[in-house]
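# Survey of secondary and tertiary structure
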Amino acid sequence: MIQLSLWNSLLDFLFPPHCPLCHAYVEERGSWCPSCLQRGGGPHRLLLPAAGQRRIRFAWALGGYRGYLRSLVHDLKYRRKKSILPYIDTYLRHVRENHLFLLPADLDVAVPVPLHAARERERGFNQVEAIFARALSVRQLPLERLLQRQAVTQPLYRLTPGERRHVVQHAFSAAPGAAIAGRHILLLDDILTTGTTATACAEVLMAAGASSVDVLVFASDYGE
């Protein structure tokens, strides 16, 4: 324990901790400056397109994407910087402890939007699970891989809404032996841009007998 404390002190000396948004120095690693923590955008309800509304009961984002939480998502997702996770945990704890967002009480299980196995091997982890793992353990909501991705798809942000729908139309399926029927499911993703991926996943879950599907994403500007 003493060695770990000394190591952390050395890290703080060599690489002083800073706020993930404005980069001002902060007291400890994982902390934000107070003003930036308020700038995260805060939780907000997402009003999805008609196709999504038919399959998804409620959808929320925990903060804004552009100019707020985008850098955190990109550092984790594209640069594979797990060192950013303490900052994400701090933001989620801020949301929870200030009662800015409460999950429905009837949820049975949380389900991450899956990566294709090849892409997960390349990245080394599923960033959605990494983002929400600690918060779900506090909530005591189990995280289960009930979906699988059947094909490697090109990055959706480069595509038009119509192209996105075509790409994800058959991209997902229920995982073998997945216990879906009769359960209230919370579908998790890192970001939501058009709702195409969430809708496709919800369609698979509802077809497999889910009682309801809610969606929670870390960041989104949808509808703003």
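A few points on the structure. It should be emphasised that the depicted structure is a prediction, and the values quoted were computed from it without experimental measurement.

## Section: the overall build of the chain
Looking only at helices and strands, one finds nine helices and seven strands in the chain. Per-residue burial over the chain gives 47% buried out of 224 residues. The contacts of the chain with a sequence gap of at least 6 include a subset with a gap of at least 24, amounting to 72%. Summing over all exposed atoms, the chain offers an accessible surface of approximately 11,900 Å²; the carbon and sulfur share of this is 54%.

## Details of the sheet that holds strand E6 (residues 184-192)
What the five strands build is an open sheet, ordered E1-E2-E7-E6-E3; its pairing is mixed. Pairing within the sheet leaves two strands with one partner each, and these edge strands are strand E1 (44-45) and strand E3 (109-112). Sheet topology places E6 next to strand E7 (residues 212-220); eight bridges connect them, and they run parallel. Bridge assignment links Leu 187 to a residue of E7, and that residue is Val 215. Along the sheet, helix H4 (residues 65-77) contacts E6 and E7; its crossing angle with E7, the most-contacted strand, is approximately 95°. The strands that helix H9 (residues 196-207) touches are E6 and E7; relative to E6, the one it contacts most, it runs at about 160°.

## As for the pairing of E6
A large share of E6 lies buried, amounting to eight of its nine residues. Summarising the sheet, E3 and E6 pair through four bridges and their orientation is parallel. Following the sheet pairing, Ala 110 is matched in E6 by Leu 186. Following the chain from E6 across H9 to the adjacent parallel E7, one finds a crossover that is right-handed.

## Let's talk about the pattern of salt bridges
For the structure shown, the criterion picks out 11 salt bridges. In this structure, the salt-bridge partner of Arg 57 is Asp 214, at a minimum N-O distance of 2.7 Å. Residue Arg 57 is found in the loop between helix H3 (50-55) and strand E2 (59-61), and its partner Asp 214 is found in strand E7; the two are separated by 157 residues along the sequence. By relative accessible area, Arg 57 is classed as partly exposed at 32%.

## Examining the pairing of E7
Counted residue by residue, E7 has nine buried out of nine residues, so it is predominantly covered. In this structure, E2 lies alongside E7, joined through three bridges in parallel fashion. Each residue of the ladder has a partner; that of Ala 61, found in E7, is Val 217.

## A few points about helix H7 (residues 127-139)
Helix length check: H7 (13 residues) gives 19 Å between terminal C-alpha atoms against 18 Å at 1.5 Å per residue, within 8%. Where H7 bends most, the angle comes to about 45°, and this point is Ala 133. Looking only at H7, the buried set comprises Gln 127, Val 128, Glu 129, Ile 131, Phe 132 and Leu 136. Residues of H7 that are buried in the fold lie against H4, helix H5 (85-97), E3, helix H6 (117-123), E6 and E7. Trailing H7 by a residue or two, Gln 140 shows a phi angle of about 60°, which is positive.

## Thoughts on the side chain of Thr 196
Looking at the element boundaries, Thr 196 is found in helix H9. Polar contacts involving the side chain of Thr 196 include one to the side chain of Thr 194, which spans 2.7 Å.

## Some thoughts on the environment of Phe 125
Inspection of the secondary structure assignment puts Phe 125 in the loop between H6 and H7. The spacing of Phe 125 and Leu 115 is 10 residues in sequence and 9.0 Å in space, taken between C-alpha atoms. The contacts of Phe 125, once residues within four sequence positions are left out, are Leu 76, Arg 80, Lys 82, Leu 115, Glu 120 and Ala 130.

Cut-offs and rules
- Residues numbered from 1 in each chain as written.
- Predicted model: local features only at pLDDT ≥ 70, side-chain atom pairs only at ≥ 80, totals over all residues.
- Heavy atoms only, no water.
- Helix = DSSP H or I, 4+ residues; strand = E, 2+ residues; numbered from the N terminus.
- Buried < 20%, exposed > 50% of the residue type's maximum accessible area, 1.4 Å probe, protein only.
- Contact = heavy atoms within 4.5 Å.
- Areas by Shrake-Rupley, 256 points an atom, 1.4 Å probe, with all protein chains shown as cover.
- Pairing = 2+ DSSP bridges.
- Axes fitted to C-alpha atoms, helices over the stretch in contact; angles between N-to-C directions.
- Right-handed = clockwise from strand over helix to strand, strands pointing away.
- Salt bridge = Lys/Arg side-chain N within 4 Å of Asp/Glu carboxyl O.
- Expected span 1.5 Å × (residues − 1).
- Bend = angle between axes of the 7 residues up to and from the residue.
- Polar contact = N/O pair within 3.5 Å; in protein donor to acceptor, adjacent residues only side chain to side chain.

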